[in-house]
Amino acid sequence: MTNIARLRDFVTAATKLVDLHGSDEAALLEAVKPLVADLVAVDDWLPEDYAKPDAQYYRQYLLHADPLERLSVVSFVWGPGQKTPVHDHRVWGVVGVLRGAELSVSYERDAEGKLIAQPEERLERGAVAAVSPTIGDIHTISNALTDKPSISIHVYGGNIGAIHRASFKPETGEEKLFISGYSSTHVPNLWDRSQEGR
Ligand code: FE
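Asks: So what exactly am I meant to see when it comes to the packing of helix α1 (residues 4-21) against helix α2 (residues 25-41) here?
Replies: Think of two packed helices as two axes; the pair is described by the angle between the axes and how far apart they sit. The N-to-C vectors of α1 and α2 enclose an angle of 175°; their axes lie 10 Å apart at closest approach. Classed by the angle they form, the pair α1 and α2 counts as roughly antiparallel. Across the interface between the two elements, R6, L7, F10, A13, A14, L17, V18 and H21 of α1 pack against A27, L28, A31, V32, L35, V36 and L39 of α2. For the contact of α1 with α2, the per-class residue count stands at 13 nonpolar, 1 polar and 1 charged.

See the structure below:
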């Protein structure tokens, strides 16, 4: 049985942080990072439906969206060899690796508008990373494992699946707008407390 209380407690704590820090992105990121680190430190809470890889594409399962769309929590499941395009977010985001390992590459724009890849960073299980329009918003993430799925939990400062954002051709810097949506049509039930205290 999954310990869904861990996800519920995370959602409650993250929502309080959004209330507390509002649009102070730096303060919010500093506070959310340790919370995500705690969430991915123990792998006993993610329901099986939100951990399933797809043979062809990486999956992005919505775990929770704030009713005011100030926050969303998403489970990204990467099959072997799967990778995002070069993309941005347009809101802050914190990534924590729950299973496996991931490779993250940030991109910076040069004077001609081309996107230049920065040194690759390997995120091991338990590692946490952040993106945002102020600290650097353009990257790729891929599964570092060639034989197993990897899973990361992402928290964003908005309803990420509904945000108009861009993917890029790094050689030219040319952008293409997209809305990612989600791979799932349901969310986990955080609110059945009937097993508590048994
Ligand atoms: Fe991303």
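Next comes the rest of the description.
Asks: Explain the sheet that holds strand β8 (residues 128-131) to me, please; I cannot follow it from the model alone.
Replies: Two pairing modes exist for strands in a sheet, parallel and antiparallel, and in both the strands are linked by backbone hydrogen bonds. Spatial ordering of the open sheet is given by β1-β2-β10-β4-β8, a layout of 5 strands whose pairing is antiparallel. If you trace the sheet from one side to the other, it starts and ends with β1 (59-65) and β8, each paired once. On average, each strand axis in the sheet is tilted by 25° relative to the strand beside it, whichever way the strands run. With 4 bridges connecting them, strand β4 (residues 93-99) and β8 associate as antiparallel partners. What sits directly across from V94, in β8, is A130.

Asks: Help me out: how do you make sense of the pairing of strand β12 (residues 174-178) in this one?
Replies: Two faces belong to every sheet, and in a regular strand the side chains alternate between them. Pairing geometry for strand β11 (residues 165-169) and β12, over 5 bridges, is antiparallel. In the sheet register, S167 faces β12, and the bridge partner there is K176.

Asks: Would you mind showing me how to read the side chain of E102 here?
Replies: Counting through the fold element by element, E102 comes out in strand β5 (residues 102-109). Buried and unpaired, E102 has R99 as its nearest opposite-charge partner, separated by 10 Å. Of the polar contacts made by the side chain of E102, one reaches the side chain of W78; its length is 2.9 Å. Once residues lying within four places of it in the same chain are set aside, the contact partners of E102 are W78, V95, V97, E121, R122, L123, I141, S142, A144, S150, I151 and S152.

Asks: What exactly am I supposed to notice about the side chain of S75 here?
Replies: Within the secondary structure, S75 is located in strand β2 (residues 72-78). By relative accessible area, which is 0% here, S75 ends up buried. Here Y50 takes part through its backbone oxygen, which lies 2.7 Å from a polar atom of the side chain of S75. Beyond its immediate sequence surroundings of up to four residues, S75 is in contact with L46, Y50, R59, Q60, Y61, L63, I151, S152 and I153.

Asks: How do you make sense of the coordination of the iron ion when you look at a structure like this?
Replies: Angles between donor atoms at a metal ideally measure 109.5 degrees for a four-coordinate tetrahedral arrangement and either 90 or 180 degrees for a six-coordinate octahedral one. Within the protein, the iron ion binds to H87 (NE2), H89 (NE2) and H139 (NE2); these donor distances fall in the range 2.1 Å. Mapped onto the sequence, the donors of the iron ion take the spacing H-x1-H-x49-H. Taken as a pair, H89 in the loop between β3 (86-87) and β4 and H139 in strand β9 (residues 139-143) lie far apart in primary sequence, 50 residues in all. The pair H89 / H139 is uniform in exposure class, with both members buried.

Asks: Would you mind going over α2 with me for this structure?
Replies: The α-helix winds at 3.6 residues per turn, so residues separated by three or four positions along the chain end up facing the same way. Given a rise of 1.5 Å per residue, 17 residues ought to cover 24 Å, and the 24 Å separating the end C-alpha atoms of α2 matches this to within 8%. Residues of α2 that are buried: E25, L28, L29, V32, V36, L39 and V40. Buried-residue contacts for α2 involve α1, β4, β8 and β10 (150-156).

Definitions and limits used
Sequence order as written defines the numbering, with residues in each chain counted from 1. Local features in this predicted model are restricted to residues of pLDDT 70 or higher, and side-chain atom pairs are both shown and tallied only at a pLDDT of 80 or more, whereas totals for entire chains, interfaces and linings draw on every residue. Computation of side-chain values covers all heavy atoms of the structure but excludes hydrogens and water. Note on definitions: angles span 0 to 180 degrees between N-to-C directions of axes, and those axes are lines fitted to C-alpha atoms, for helices only across the stretch in contact. The helix count covers DSSP runs of H or I at least four residues long, the strand count covers runs of E at least two residues long, and both are numbered beginning at the N terminus. Orientation categories follow fixed angle ranges, with anything under 35 degrees roughly parallel, anything over 145 roughly antiparallel, 65 to 115 roughly perpendicular, and all other angles oblique. Residues are treated as being in contact if the distance between any of their heavy atoms lies within 4.5 Å. Residues are grouped as follows: nonpolar covers Ala, Val, Leu, Ile, Met, Phe, Trp, Tyr, Cys and Pro; charged covers Asp, Glu, Lys and Arg; every other residue, Gly included, is treated as polar. Following DSSP output, two strands are said to pair if at least two bridges run between them. For each residue, the accessible area found with a 1.4 Å probe, counting protein chains only, is set against the maximum for its type, and the residue is called buried under 20%, exposed over 50%, and partly exposed in between. Note on charges: Lys and Arg go in the positive column, Asp and Glu in the negative column, and His and the chain ends are not counted at all. In the sections that follow, a salt bridge refers to a side-chain nitrogen of Lys or Arg positioned within 4 Å of a carboxyl oxygen of Asp or Glu. As used in this structure description, the phrase polar contact means that two N or O atoms lie within 3.5 Å; if the pair is within protein, one of them must be able to donate a hydrogen and the other to accept it, and residues adjacent in sequence are counted only when both atoms belong to side chains. Water is not part of the atom set, so a site may look incomplete; the donors themselves are N, O and S atoms within 2.8 Å of the metal, or 3.2 Å for Na, K and Ca. By this rule the span expected of a helix is its residue count minus one, scaled by 1.5 Å.

No statement about biological role is implied by the geometric values presented.
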